[in-house]
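Structural overview
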Amino acid sequence: MSIRAPLPLTSATRHLFPNGGLRRGILVDVTGAPGATSVAMALLSGPCRSGAWVGLLGMEHLGWAAVSELGLPLQRMVSVDLTHTREDSGTARSAVMAAMIDTFDIVVFGTGNLPGGALLRKLRARARERGSLLVSLRGGVDGADASLDVLGTRWEGLGQGWGRLGGRTVEVQVRGRGALDRPCRGEIRFDARGRPEAIEDEPTTAGHIPEWDVEWGVRDLVS
Amino acid sequence: MGCPGPGVVSGPALPDRDRHGVRTLAVCCSGFPALVASAPAGAGSRTGKGLGAGAPVAVVSANRVVSVSVRARAEGVVPGLTRREAQARCPSLHLVPLDTGRDARMFERVMGVLEEVAPRWEVTEPGRCAVPVRGPSRFFGGDLATAERVSDLIAVALEELLGGVGDSGSGAGPPGLGVAVADGPRAAAVLAELAAEETLRTNAAVRTGGSGSPVSGSPVSRGPVSRGPVSRGIVVVPPGETAERLSGLPVGALGAGGAGWGDQVALQDLAGVLSRLGLRTLGRFASLEAPDVLARFARTGLSAHDFASGREGAGVALEDLPDELLVSAELDPPAETLDQVGFMARALASEMHTALAERAMLCTRVLVVAETDTGERIERYWRDEGTLSATAVAQRVRWQLEGWLQARGEGSVSRLELLPERLLPDDGRQLDLWSSTSGLPRRTKEGLARLVAMLGSDSVVVPRPGGGRSARDSHVMEGCVIEEGAVAGGGPGGGVLEGGATGGRTRSSEDSPPWPGSIPAPSPAVVLDQPTPVELQDSEGRSVRVDGRGALSAPPSRCGLPGGNWSGVDSWAGPWCVDERWWDPLKHRRRARLQVLLERSAHLLTLESGQWRLEATYD
């Protein structure tokens with residue numbers, strides 16, 4: 001995939017972003033109530049399925065079965081595990097992060113792994129230059145280009161001693177800069193198999209005709 | 001380029017290449033990896049165990065046995081078995097992972113001894129080497145004398161190096177050594193392998209107390225068959241008779257002779273097709289017309305046909321190696337460490353490949369010359385059919401120098417030269433329609449290599465589908481190995497995960513075998529390595545229990561999470577009991593699992609030995 005093209009989103013998350021895609025080189029912080037990991041991964045499923053490589057730092061606790069159910073191709077995901085690397089081993093974490101930004105289209109920082117201050121500024125500059133998307137999970141960062149705040153989750157399927165966890169609806173608020181200046185609320189629905197579902201009444205921007213309509217003239221055929 | 005080495009010069013015009021292949025001496029040391037693996041600890045083996053001479057040892061790679069020791073062979077373990085089959089045949093078998101670097105280092109030290117016979121040996125793989133024999137034969141007085149000399153030298157070298165693993169105790173040197181002289185390197189390599197196998201068989205017959213007489217009419221009949229109690233495994237085919245000698249061999253011999261003769265799978269397929277066509281011997285295969293073979297079996301078939309009819313190398317243009325293909329580099333100051341040399345070798349190798357690509361050529365053999373500041377010169381040929389990538393060349397340079405350093409080395413490398421030889425026209429490679437190699441972008445490939453170099457492959461990991469009932473077992477993390485166009489887990493039998501096709505299929509739950517009793521999707525997104533203890537209480541503050549019939553003592557009402565936060569239980573389901581590995585007292589686990597939805601979060605709890613633990617969170 002081209003290094004300058006925006007990263008495409010799936011229909012489950014596209015409605016959260018005004019221009020329907022994620023610009024490369026920005027920092028997205030996913031934060032808030034439980035559900036943030038799933039939301040972050042759902043966000044990445046579009047880019048990853050269209051060929052982007054994902055590097056994860058400090059995500060040793062990630063449940064890969066869930067990631068796979070979310071629709072991400074695991075063969076393009078690489079996890080960097082620094083828990084066994086000693087602090088004094090001479091390999092600075094900053095060097096590892098810089099190398100990851102050079103390597104992957106998307107770099108995910110687990111909770112507590114996103115640095116702050118000058119180092120973060122340098123990393124973001126590097127990501128802009130290389131066209132990598134940075135995603136932090138509960139990174140606690142001020143001034144992220146976009147931040148997704150998980151407000152709450154409604155679970156289905158579980159009762160008082162019966163059933164099991166099934167589908168869920170996660171409410172998300174998106175804030176950010178530029179086009180995202182105006183906070184926008186939306187929902188992401190995960191079906192009972194854990195896969196993000198397309199939202200039916202997808203709000204389309206005025207004057208926007210879905211591509212497939214233009215291409216195939218379906219609307220003409222139907223009318 | 002001048003070829004400074006004395007003795008045989010492999011250059012433009014060798015007269016005896018006219019009608020037959022180059023007269024070649026080949027050595028095959030059967031089961032060399034297993035020999036190295038069973039060597040005592042001090043002898044440079046990295047296993048450090050010193051398994052001992054008599055131990056049954058099998059070297060495995062990708063879950064298949066690739067090399068076995070004599071003892072293991074006596075127990076019925078043969079290469080090609082799976083790990084499990086091998087263990088079933090011989091329960092006391094020691095399984096050692098294949099380490100080509102280790103084997104190559106050890107073999108390089110054997111090669112150091114063989115330099116006495118001739119310079120510029122050509123190594124196909126650890127345990128197999130070859131050399132044009134015209135010059136040495138003139139010096140030693142005949143092919144047979146040369147072969148005997150080589151055999152003696154190797155036997156002594158191996159004895160020294162591996163500390164008496166010739167476990168027969170008969171003083172016959174290591175078992176399974178075959179030396180063959182024939183017209184053409186491939187014929188010699190195949191005959192050497194057969195001779196080595198034959199030696200193994202006769203040695204085994206002697207050791208197991210049989211009559212001890214080597215089987216008469218064996219392929220090893222020429223040469224001094226029974227000098228001492230066991231055969232020496234020396235075959236000398238007179239000039240011009242190679243085709244006759246080969247004609248009696250079964251077509252399965254096409255796959256013999258080591259890995260340097262083309263794709264093993266393709267060759268075995270070819271042998272299979274031929275035998276189904278009724279062409280069961282190489283002689284019958286050779287009687288076909290070459291154009292027909294080319295039309296039906298393409299280049300693999302044609303080169304096999306050339307080999308079978310004793311016309312090796314006839315179709316290969318070897319003339320006039322252009323001097324500008326020689327790439328060399330002076331190292332100033334001389335390189336102290338092998339890493340520096342390896343780095344330089346990689347750069348040189350890619351330079352060489354670029355030069356070859358400009359001429360649309362491939363090389364199947366590389367001459368690596370290293371000079372040291374003490375004036376020593378280490379030359380070695382490395383052969384591989386068309387697949388010597390830059391990395392592979394750099395690796396071979398490293399093996400060559402490591403072995404040399406271990407044997408006698410001091411001094412540092414001051415000059416490195418690579419000369420590609422045996423050029424073939426590069427016909428290009430047809431990419432598959434679906435698995436494009438562009439799946440791993442250059443940026444990612446180089447970056448991953450850098451990360452692995454920084455952190456080691458244990459810290460750069462990729463998920464691979466595992467199997468198990470708990471969320472933690474569903475995937476295993478494996479060290480990342482970069483292959484052409486894909487990233488693979490590096491574990492035993494780790495298949496390449498497709499990195500290519502856009503939107504490629506994930507090996508999701510649909511493909512993996514079912515695990516009855518596992519909790520169905522959705523799976524938890526956060527899985528703890530070490531489940532942390534939690535409290536689960538009913539409305540009266542008593543701890544919730546699960547009885548022997550799998551029923552909860554009371555509905556849970558609040559849950560004490562790590563950190564002392566208590567949270568009310570909104571809804572819950574379970575317990576689902578699982579009794580795993582009850583047949584194994586050490587790994588037996590009985591657990592009850594419970595999904596709870598608390599005020600803000602959903603969790604998976606497990607009860608084991610009376611303690612509730614937080615196993616995973618649906619984050």
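Just so it is clear, the model here is predicted, and its values are computed rather than measured. (Residues numbered from 1 in each chain as written. Chains lettered and ligands numbered in written order. Predicted model: local features only at pLDDT ≥ 70, side-chain atom pairs only at ≥ 80, totals over all residues. Heavy atoms only, no water.)

Re the confidence of the model for chain B
Atomic detail in the predicted coordinates should be set aside for any region of low pLDDT. Residue and element names in this part refer to chain B. Note the following rule: pLDDT is a residue-level measure of predictor confidence that goes from 0 to 100. Helix numbers and strand numbers start at the N terminus; a helix is a DSSP run of H or I with at least 4 residues, a strand a run of E with at least 2. Only heavy atoms matter for contacts: two residues are in contact if any of them lie within 4.5 Å across the pair.
Averaged over all residues, the pLDDT of chain B equals 75, while 76% of them reach at least 70. Ranking the elements of chain B by mean pLDDT puts strand E16 (residues 496–497) last with 38 and strand E23 (residues 611–617) first with 91. Under a pLDDT of 50 for its full length, residues 431–438 has, in the predicted model, four contacts with residues more than four places off or in other chains.

Re the nonpolar core
What counts here: Residues grouped as a nonpolar core are buried Ala, Val, Leu, Ile, Met, Phe, Trp, Tyr and Cys residues, joined through side-chain atoms within 4.5 Å. For every residue, the accessible area obtained with a 1.4 Å probe (protein chains only) is divided by the maximum for its type, and the residue is called buried under 20%, exposed over 50%, and partly exposed between those limits. Domain limits in this description derive from either an automatic procedure or a database domain assignment.
With 63 residues, the main nonpolar core has Leu25, Val27, Trp121, Val397, Leu401 and Leu418 of chain B as its most contacted residues. Two domains share this core, each providing at least three of its residues, namely domain 1 (19–240) and domain 2 (323–425) of chain B. By size, the runner-up hydrophobic cluster in this structure holds 42 residues, among which are Val39, Leu72, Leu148 and Leu180 of chain A.

Observations regarding the environment of cysteine 28 of chain B
Residue and element names in this part refer to chain B. Locating cysteine 28 in the fold gives a position in strand E1 (residues 23–29). For cysteine 28, a relative accessible area of 3% gives the class buried. Excluding residues within four positions of it along the chain, cysteine 28 makes contact with Gly127, Arg128, Gly176, Leu177, Gly178, Ala192, Glu193 and Ala196.

Considering the packing of aromatic side chains
So the rule is basically this: For this analysis, a ring pair means two rings from Phe, Tyr or Trp (six-membered ring only for Trp) whose centres lie within 6.5 Å, classed as stacked if their planes differ by under 30 degrees, edge-to-face if by over 60, and tilted for the remaining angles. Comment: the charge-over-ring label is applied if NZ (Lys) or CZ (Arg) is within 6 Å of the ring centre and within 35 degrees of the ring normal.
A full pass over the atoms with the stated rule returns four aromatic pairs over all chains. Taken together, a centroid distance of 5.8 Å and an interplanar angle of 80° make the contact between tryptophan 155 of chain A and tyrosine 618 of chain B edge-to-face. Here tryptophan 155 of chain A is found in strand E8 (residues 146–155), whereas its partner tyrosine 618 of chain B is found in the segment after E23 on a different chain. You can call tryptophan 155 of chain A buried: its relative accessible area is 15%. On the accessibility criterion, tyrosine 618 of chain B (1% relative accessible area) is buried. Between the NZ or CZ atom of arginine 168 of chain A and the centre of the ring of phenylalanine 190 of chain A, over which it lies, the distance is 4.8 Å. Stacked on the ring of tryptophan 566 of chain B, the Lys or Arg arginine 558 of chain B has its end atom at 3.9 Å from the ring centre.

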